[in-house]
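Chain and residue survey
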Amino acid sequence: MSNEYGGECYCENCERAFREWLRKKYQTLEELNRVWDTAFWGHTFYDWEEIVSPSLLSEHFDMERTTFQWISLDYKRFMSDSMLKNYRSEYEEIKKISPDIPVTTNLMGFYKGLDYQKWAAYLDFASWDNYPAFGAPASAAAMAHDLNRGLKQGAPFALMEQTPSVTNWHPYSTLKRPGVMRLLSFQAIAHGADSVLFFQMRRSIGASEKYHGAVIDHVGHENTRVFREVQALGKELEELGERLLGSRTKAQAAIIVDWDNWWALEYSAGPNRDMRYLEEVQRCYNVFYEQNIPVDIISVTDSLEGYSLVAAPLLYMVKEGYEKKLEAFVAGGGTLITGFFSGIVDEHDLVCPGGYPGRLREVLGIWVEETDSLPPEIQNSFTWEGKYYECGLLCDILHTRGAQALAAYEKEFYAGSPALTVNRYGKGLAYYAATRGNEEFYRDFLGKAARDAGIMPVWEKLPGVEVCVRKNAEHTFLFFLNHGEETVKTAARECAQSLLDGACYQKGEQFEIGPKGVVILQIS
Amino acid sequence: MSNEYGGECYCENCERAFREWLRKKYQTLEELNRVWDTAFWGHTFYDWEEIVSPSLLSEHFDMERTTFQWISLDYKRFMSDSMLKNYRSEYEEIKKISPDIPVTTNLMGFYKGLDYQKWAAYLDFASWDNYPAFGAPASAAAMAHDLNRGLKQGAPFALMEQTPSVTNWHPYSTLKRPGVMRLLSFQAIAHGADSVLFFQMRRSIGASEKYHGAVIDHVGHENTRVFREVQALGKELEELGERLLGSRTKAQAAIIVDWDNWWALEYSAGPNRDMRYLEEVQRCYNVFYEQNIPVDIISVTDSLEGYSLVAAPLLYMVKEGYEKKLEAFVAGGGTLITGFFSGIVDEHDLVCPGGYPGRLREVLGIWVEETDSLPPEIQNSFTWEGKYYECGLLCDILHTRGAQALAAYEKEFYAGSPALTVNRYGKGLAYYAATRGNEEFYRDFLGKAARDAGIMPVWEKLPGVEVCVRKNAEHTFLFFLNHGEETVKTAARECAQSLLDGACYQKGEQFEIGPKGVVILQIS
Amino acid sequence: MSNEYGGECYCENCERAFREWLRKKYQTLEELNRVWDTAFWGHTFYDWEEIVSPSLLSEHFDMERTTFQWISLDYKRFMSDSMLKNYRSEYEEIKKISPDIPVTTNLMGFYKGLDYQKWAAYLDFASWDNYPAFGAPASAAAMAHDLNRGLKQGAPFALMEQTPSVTNWHPYSTLKRPGVMRLLSFQAIAHGADSVLFFQMRRSIGASEKYHGAVIDHVGHENTRVFREVQALGKELEELGERLLGSRTKAQAAIIVDWDNWWALEYSAGPNRDMRYLEEVQRCYNVFYEQNIPVDIISVTDSLEGYSLVAAPLLYMVKEGYEKKLEAFVAGGGTLITGFFSGIVDEHDLVCPGGYPGRLREVLGIWVEETDSLPPEIQNSFTWEGKYYECGLLCDILHTRGAQALAAYEKEFYAGSPALTVNRYGKGLAYYAATRGNEEFYRDFLGKAARDAGIMPVWEKLPGVEVCVRKNAEHTFLFFLNHGEETVKTAARECAQSLLDGACYQKGEQFEIGPKGVVILQIS
């Protein structure tokens, strides 16, 4: 456990601990050999001591590519578990001294090395560090906020760290422009944070982060732009008081994210080197984000009750029984959206035989016979609802088994074969995107699916403006976050109070959100 | 020997074995120091234990770049020999049990790590695995087939492995389009294979290659396109029966390939980092391939008898006595074609003094005084037989010593100096290309040299169609392999039977080869 | 010390020696912890044995990037010191045998791994190896020559190694064109070399540099272009005799270079990954070079007396007391030019608190409040003396504290804030460039600053021709080095003797410098 970021280590201590962890998990070498399918390529283990940590010295041929996926997958789990064990022992020591003070640790968004959904049970509340790079899309931070909100099933979280100005370890320590730190602070709140903190109060004169932004700079006094902005934010938060605390966001749409799936998928040797789990999740999230539709990021252990639509992009691994949960969700009237390279393996990364998409075959009503993999320079296309879309990455060649084809490929020997299907299953619908359409397709298709599922956006689309909602028993709070450079106008839908400037708007009255500006409306 | 692909290992066991191997080869440290020229840079070894395996921990500065070429060259030989030793001990064990069953192992084409020409003696027959990437030129597989045919001096080989559909470890597991698997199977046969096999019968549900193509997919039944194509091929081969078995290809042209040369050349520090042995060999091979001229890939231990033309691209290393073989070949009427950075060193990678091209000086009738090395963005040019060609990589500045200049550089301070020479030596001709002309030059120059040497193509050029020949005592078999997307027509030259569809063509009668199609004509 | 180029090694021996070196330097762990600021991130050392060599196994995340800058900085010092110690023990052994023969070692220009300015005291004279790549600008070699001249405070040095033709370890061993070896030899002399030597006399037949240029090639005789050029140069030098020996170049301008600063700067985590010390030094040097203004490359231990202008690009680290030296220099009438990311830290890489630019605040009369870091695709701009310039990399946002603003940013929220300042301090001027202007700005600005400081070029600008000067008690020697491809004409300013061809020119008489040609004029 030498790496503080939870990365791979292959020292003897870790190797020994890994073997212990495996022994506890599999009990016998027979079971381990079965699950890892070691008969293939003659990898059979005859002694626990023969197991070595995965690395470039064994079967890895690149930092994250290996010819021994199953051991690497378990090593990821082992590492995440070991770090968690370490956290838990610190947690317990602290609780002995201050049992009433909540304990947490600062997570790092979508950090691949640690399965935060497994950690969540051991945090008194979730918290994370948000360090967006200069020019990063606001939707990336939004999705990470929603992950943290989802970790504790919607409970408020804390923005534990952000920089008031620069992040020294970015390649370019570009300054947060005036207003941006405030805007990003309120974005966190809009997504469910009840607290906004900074790293760091005072710039260290030495060590690795001495050029990281701080409330108090090396100059040592408070007469700086950065200090003044922090001070102003503090004043605003003080004036808001406890009004927003504890309010929640109720989403009708959810996206399933699963760390085991992430690991297994990206270790997969085939069918396409360019598959990146988070890219597909973000691509899906962005559609909801752009349309001001709240969305929860949920794990495979979370309940699906109360959602109208659930998206499961690249759900390669379907753990035992999870298909039942999805089937029940759809049968009860829900809309499920998934697609290529989903349902393929079980929790051990062993293929579910009988035809793809394995455990999802039933609910989707299809059989995928073959999958064509396209290099980035090659595209196929299809037409859906009269509109032409390019597609690529993977092209499943499938047969409907109850489902209905909504679009068909237009190129290659499988032209005419379905590119998009829908299966009516019980009272609900299960969509399957057999290929990766372009962004416009995701926008059109997911948008329509959401509307058909009866999901209403929080607000109409405003150029550059993100609109979020939190509610409590008394009030609804609408957050308007202008990430753009232009002033945007919109009209109140009902009588509302603007919390940051105290203004009151009548129904139909126009108000403005300035560049990098924030407006919070309290309704009824 | 931890790496199954024969790659470098620097563990203690290998290091110890390497020292043993060296001791056996050189007997004394004095001899080792002499051959490795360790006096330079003070590398002298005073104890066998001082020798360490070459790696990034010693003198390598990149995976395949080193400042200690001679030890790395011997390490390549040691590794190849060690793997061979391992193969041989397995061979012997098997023969004890089944002495009458032929034993082989599946080679991997031009695999740099193993000197297959040295292995060949210990294979009962040659066999290899052909996994061309999507879009790879058909000439690359053709050349690898010819290597395997050459390993046992023309004896039929086996295509041991090919995928019926996808190769999971390619970056993009693109499907073999309908007909392509059949076409590539017949390409193997056309180049001398007597057997065509697959990896794998049934897709494994786990482990590294679970997404590799198989005859029977994870779905578990035979109702798939892939199964049907394999089945159809099996039927065709069954109907062909034993007709083609044992027939051979008699080539008048040969290309010399030598693993020691490959290793030494690419370890060389200077004169040009972009020199790639196989690229130059392929560049040469492609000319014959495009013109339907059969060519043998031979080793430096093979006889040159019976060839009209021998090409030796980048024959940097000329082992003891090999120059005599080449001289005798030319003196007897043969045509030798070689060029820049050839003849420079002996089998120990020690320069043959007295002027470049060292041991080839006599037969080529030139002295290369200097060699200019050009970065890729700089080109020189020359005019040959009235046509202008660009050239680059290396530009030898040479003096004729009996040879005749056929073309001269047009740029730089050595403008006017010969870029191409020919030496009449005995009854034959020895050409020297002092620089790397563009592809058009290779086509024009090698084509003319072949014609002048009386070599006839098997068939005229047909667009996208490769034409090969095999013969036995009774028949000639002509293979027409259409790698293109268009139907191509040609006319029978004499009465012929089309083996795959049973048609009979009279002399002059036209027949078609469809896209990805195969026609085999049996003559007389 | 396994790496002959002084690179990093992390073997146990080095680790042990490193700990010894640290113990000697810091005496106590308390002091080491203080200086390394280990309190940050909980890095505190409680035992000397806990200290490990910096590498990818500890806190490095790239060859030269680390999250533990301070240990890596000391390791650089330790490595340089250790190599020096090794050199010194060899020096002493040699002196025992031949006390009267000068001893030196061949340096390698701006070699980052070894602090040559610290080594200089132990060399009887400076010497170095000059291997410019094909197409490298002549100013790069010029700056390295001036470094070597500066190592012994202007004393003549030796060009210990150069190739007569090719450098085998360059990616492309391009030939030195006719005349180039002679030109580069005289360039060394023009910059203060009293000796010009070659690597190597005779090409080795084996080992790593067997394709490196040599006076005598593998052919073994002297009938080669290269031999004839070396012979001709030898004859010219013989005819020059001792005339030039010991003559010196008196520069009015100096550029400060400091190895500790180089190391610390490039280890810095922030504010811009693209900061490269030598690039900034070279950028500054080039202005003087192009205008034929001699410049000394000096260390922070060298005296500033006698200089009119001192440039200190990227002087990030200002060692204890050095600010006093700079203040005295300016107060006495000198011109100091520095800029962004200067004056920030002390010799331990600890920030000098109280506001940037730390120890240089006083002499510069400014306070830098913030620094914006720009990725390469983003530029800002300013106008100086009526001319528009683009700028980038870093943009300090500063307040004048006595200094005068000469130009202001034109973009971003800090538009209007000073981009260039000058402070009148005592009798002199201290300039601060708050951002990196484009090359044209450096040319205009440094050129004007030099003229204002009364510095006269040796000669007017001649296209492609470098003009240098050396003097002794009797004579002034002017060197005209034509790096271009065109003949250039200029007129003698006074009666002069042309040493290489014996011609005599009257005042105003025109003479020519041919392509790659050299003219040396001796005056009075």
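This is a predicted model, so every value here is computed, not measured. Positions within a chain are numbered from 1, following the residues in the order the chain's sequence is written. The naming scheme follows written order: chains are lettered A onward, ligands numbered 1 onward. pLDDT decides what is reported in this predicted model: residues at 70 or higher carry local features, side-chain atom pairs at 80 or more are listed and counted, and totals for whole chains, interfaces and linings draw on all residues regardless. The side-chain quantities take in all heavy atoms of the structure and omit both hydrogens and water.

1. Looking at the overall build of chain A
Only DSSP runs of H or I covering at least 4 residues are called helices, and only runs of E covering at least 2 are called strands; the numbering of each starts at the N terminus. Counting its regular elements, chain A contains 12 helices and 23 strands. Computation of the radius of gyration draws on C-alpha atoms, with the globule rule given as 2.2 Å multiplied by the number of residues to the power 0.38. Relative to the globule expectation of 24 Å for 524 residues, the C-alpha radius of gyration of chain A, 25 Å, shows essentially globular dimensions. Overall size of chain A, expressed as C-alpha extent along the three principal axes, is 70 × 60 × 45 Å. Relative accessible area decides the class of each residue, using a 1.4 Å probe on protein chains only: under 20% of the type maximum gives buried, over 50% gives exposed, and in between gives partly exposed. Buried positions account for 61% of the 524 residues belonging to chain A. Pairs of residues are marked as contacts when any of their non-hydrogen atoms sit within 4.5 Å. Across chain A, contacts joining residues at least 24 apart in sequence account for 66% of those joining residues at least 6 apart.

2. A closer look at the interface of chain A and chain C
Across the boundary between the two partners, chain A contributes 34 residues, which contact 40 residues of chain C. Defined here as a combined quantity, buried area equals the accessible surface (1.4 Å probe) lost by two parts on assembly, summed across both. Where chain A abuts chain C, roughly 2900 Å² becomes buried across the two surfaces, and 56% of that area is made up of carbon and sulfur atoms. Taken as a group, Tyr172(A), Ser208(A) and Tyr211(A) account for 23% of the area that chain A buries against chain C, more than any other trio of residues on that side. Salt bridges are defined by distance alone: a side-chain nitrogen of Lys or Arg within 4 Å of a carboxyl oxygen of Asp or Glu. A salt bridge links Arg225(A) to Glu370(C); its shortest N-O distance comes to 2.8 Å. Definition of a polar contact: a pair of N or O atoms within 3.5 Å, with one able to donate and the other able to accept a hydrogen when the atoms are protein atoms, and with sequence-neighbouring residues admitted only if both atoms are side-chain atoms. Counting across the chain A and chain C interface gives 22 residue pairs in polar contact (both at pLDDT 80 or more).

3. Let's talk about the side chain of Glu266(B)
Among the secondary structure elements, Glu266(B) is positioned in helix H8 (residues 259-267). Of the polar contacts made by the side chain of Glu266(B), one reaches the backbone nitrogen of Tyr277(B); its length is 2.7 Å.

4. Here's the deal with the packing of aromatic side chains
Ring pairs are drawn from Phe, Tyr and Trp, using the six-membered ring of Trp, whenever the two centres fall within 6.5 Å, and their geometry is named by plane angle: stacked under 30 degrees, edge-to-face over 60, tilted for the rest. Summed over all chains, the structure comprises 108 aromatic pairs over all chains. With centroids separated by 6.2 Å and ring planes inclined at 80°, the aromatic side chains of Tyr26(C) and Trp36(C) adopt a geometry described as edge-to-face. One end of the pair, Tyr26(C), is in helix H1 (residues 12-26); the other, Trp36(C), is in the loop between helix H2 (29-35) and strand E1 (60-62), and 10 residues separate them in sequence. Both rings, one in Phe382(C) and one in Phe441(C), keep their centres 5.0 Å apart while their planes meet at 85°; by these two values the pair is edge-to-face. In this pair, Phe382(C) is assigned in strand E11 (residues 380-384) and Phe441(C) in helix H12 (residues 439-452), connecting sequence segments 59 residues apart. Members of the aromatic cluster, joined through ring pairs, are Tyr87(A), Tyr91(A), Phe110(A), Tyr116(A), Trp119(A), Trp259(A), Trp262(A) and Tyr277(A). The cationic tip of Arg283(A) hangs over the ring face of Tyr442(A); the distance from NZ or CZ to the ring centre is 5.5 Å. By definition here, charges over rings are those cases where NZ of Lys or CZ of Arg is within 6 Å of the ring centre and within 35 degrees of the ring normal.

5. A closer look at helix H9 (residues 277-290) of chain B
All names here are of chain B. Expected helix span is computed as 1.5 Å times (number of residues minus one). Taking 1.5 Å per residue, 14 residues should reach 20 Å; H9 reaches 20 Å between its end C-alpha atoms and fits that length. Of all 14 residues in H9, 10 are buried; the element is thus mostly enclosed. Buried within H9 we find Tyr 277, Glu 280, Val 281, Gln 282, Arg 283, Cys 284, Tyr 285, Val 287, Phe 288 and Tyr 289. Following H9 by one or two positions, Asn 292 has its phi on the positive side, about 55°.

6. Some thoughts on the environment of Asp260(B)
All names here are of chain B. Inspection of the secondary structure assignment puts Asp 260 in helix H8. Judged by relative accessible area, which is 9%, Asp 260 ranks as buried. Excluding residues within four positions of it along the chain, Asp 260 makes contact with Leu 73, Arg 77, Met 317 and Lys 319.

7. Notes on the relation of the copies chain B and chain A
Placing chain B over chain A gives an RMSD of 0.1 Å and needs a rotation angle of 120°, together with 0.0 Å of translation along the axis. What we have between these two chains is a three-fold relation. Least squares is the method for superposing the copies, and the C-alpha atoms it fits come from residues with pLDDT of at least 70 in both.

8. Points about the pattern of salt bridges
Residue and element names in this part refer to chain C. Scanning the model with the defined rule gives 111 salt bridges over all chains in all. Lys 96 is the partner of Glu 93 in a salt bridge, and the nearest nitrogen-oxygen pair spans 2.9 Å. Of this pair, Glu 93 and Lys 96 both sit in helix H3 (residues 69-97), separated by three residues, roughly a single helical turn. For Glu 93, a relative accessible area of 44% gives the class partly exposed. Across the salt bridge formed by Glu 460 and Arg 493, the nearest N and O atoms sit 3.7 Å from each other. Remark: Arg 493 occurs in the loop between strand E19 (488-491) and strand E20 (496-498) and Glu 460 occurs in the loop between H12 and strand E17 (465-471); sequence separation between them is 33 residues.

9. Re the layout of surface pockets
All names here are of chain B. Within this scheme a cavity is a closed region of a 1 Å grid, computed over the protein atoms alone, that accommodates a 1.4 Å probe without allowing it to escape, whereas a pocket is open but has protein on both sides within 12 Å along at least five of seven lines; lining residues each have an atom within 4 Å of a point. Grid points are joined across faces, edges and corners, and a volume is the space filled by probe spheres set on the points. In this structure, the second largest pocket occupies an estimated 660 Å³ of space. Trp 21, Arg 77, Phe 78, Asp 81 and Lys 118 are the residues nearest the centre of the second largest pocket, which is lined by 28 residues in total. Mapped onto the lining of the second largest pocket, the elements with two or more residues apiece are helix H1 (12-26), helix H3 (69-97), helix H4 (116-119) and H8. Of all the elements, H3 adds the most residues to the lining of the second largest pocket, at nine residues.

10. Re the sheet that holds strand E21 (residues 504-505) of chain C
All names here are of chain C. Strands sit in the order E17-E18-E23-E20-E21 across an open sheet of five strands; the sheet is antiparallel. At either margin of the open sheet sits one strand with a lone partner, and together these are E17 and E21. The rule for pairing is simple: two strands pair if DSSP sees at least two bridges between them. With two bridges joining them, E20 and E21 adopt antiparallel strand pairing. Paired with Gln 497 across the strands is Cys 504, a residue of E21. Along the sheet face, helix H6 (residues 180-190) touches E17, strand E18 (476-482) and strand E23 (518-523) and points at about 145° away from the line of E18. Interaxial angle, 0 to 180 degrees, is taken between N-to-C directions of lines fitted to C-alpha atoms, where a helix line uses only the stretch in contact.

11. Section: the environment of Ala17(B)
In this structure, Ala17(B) sits in helix H1. Taking C-alpha positions, Ala17(B) is 9.7 Å from Met79(B), a pair spaced 62 residues apart along the chain.

12. Here we look at the pairing of E11(C)
Residue and element names in this part refer to chain C. Across the five residues of E11, four count as buried, placing the element largely inside the fold. Inspection of the sheet shows E11 paired to strand E12 (residues 387-400) by five bridges, in the antiparallel sense. Counterpart to Thr 383 in the pairing with E12 is Tyr 388. Here E11 hands over to E12 after two residues, with Glu 385 in that stretch at a positive phi of 50°.

13. Some points on the interface of chain B and chain A
Residue-level contacts link 34 residues of chain B with 39 residues of chain A. Together chain B and chain A conceal approximately 2800 Å² of surface at their shared face, both sides included; 56% is due to carbon and sulfur atoms. One can count four salt bridges joining chain B with chain A. Where Asp372(A) meets Arg177(B), a salt bridge forms, and the shortest distance between an N and an O atom there is 2.7 Å.

14. Some remarks on the pairing of strand E5 (residues 193-196) of chain A
For a regular strand, side-chain orientation follows a simple rule: the groups alternate between the two sheet faces. Here strand E4 (residues 157-161) of chain A runs beside E5(A); their pairing, made up of three bridges, is parallel. What sits directly across from Leu159(A), in E5(A), is Val196(A).

15. A short note on the sheet that holds strand E8 (residues 309-311) of chain C
All names here are of chain C. Ordered in space as E7-E6-E8-E9-E15-E14-E13, the seven strands form an open sheet in which the pairing is mixed. The open sheet is flanked by strand E7 (295-298) and strand E13 (404-408), the only strands paired with a single partner. Across the sheet, the mean angle separating the axes of adjacent strands is 20° when strand polarity is ignored. Bridging between E8 and strand E9 (residues 335-339) involves three bridges; their strand directions are parallel. The residue bridging Leu 309 from the neighbouring strand is Thr 335, located in E9. In the packing of helix H9 (residues 277-290) onto the sheet, the strands contacted are strand E6 (253-256), E7 and E8, and the crossing angle to E6 comes to about 175°.

16. What to know about the confidence of the model for chain A
Think of pLDDT as the predictor's per-residue confidence, scored from 0 to 100. Overall, the prediction assigns chain A a mean pLDDT of 96, with 98% of residues at 70 or greater. Long-range and interchain partners of residues 1-7 of chain A, a stretch whose pLDDT sits below 50, account for 17 contacts in this model, where long-range means more than four residues apart.

17. Describing helix H1 (residues 12-26) of chain A
Residues and elements named next belong to chain A. With 15 residues, H1 extends 21 Å between its outermost C-alpha atoms, agreeing within 8% with the 21 Å of an ideal straight helix rising 1.5 Å per residue. By the burial criterion, the buried members of H1 are Cys 14, Glu 15, Phe 18, Arg 19, Trp 21, Leu 22 and Tyr 26. Considered in projection along H1, the buried side chains sweep an arc of 165° and stay on one side of the axis. Along H1, the residues that are exposed and aim more than 90 degrees away from the buried face are Glu 12, Asn 13 and Lys 24. For H1, the elements touching its buried residues are helix H2 (29-35) and helix H3 (69-97). To obtain the arc, one takes the directions from the helix axis to the C-beta atoms.

18. Brief notes about the side chain of Glu347(C)
Residues and elements named next belong to chain C. Mapped onto the fold, Glu 347 is located in the loop between E9 and helix H11 (361-364). Exposure remark for Glu 347: the relative accessible area of 18% places this residue in the buried category. Within polar-contact distance, the side chain of Glu 347 engages the side chain of Arg 359 at 3.2 Å. Those residues in contact with Glu 347 that lie beyond four places of it in its chain are Arg 77, Met 317, Val 318, Lys 319, Glu 320 and Arg 359.

19. Re the environment of Ile255(C)
Structurally, the position occupied by Ile255(C) is in strand E6. With near-sequence residues (within four places) excluded, Ile255(C) lies in contact with Val281(C), Cys284(C), Tyr285(C), Phe288(C), Val295(C), Asp296(C), Ile297(C), Ile298(C), Ala311(C) and Pro313(C).

20. Quick look at unusual backbone geometry
Residues and elements named next belong to chain A. For the peptide bond that leads from Gly 270 to Pro 271, omega is -5°, which places it in the cis range. On the secondary structure map, Pro 271 appears in the loop between helix H8 (259-267) and helix H9 (277-290). Cis geometry is adopted by the peptide bond preceding Pro 357, which originates at Tyr 356 and carries an omega value of 0°. A positive phi angle is found at Leu 393, which is not glycine, with a value near 70°. Its location among the elements puts Leu 393 in strand E12 (residues 387-400).

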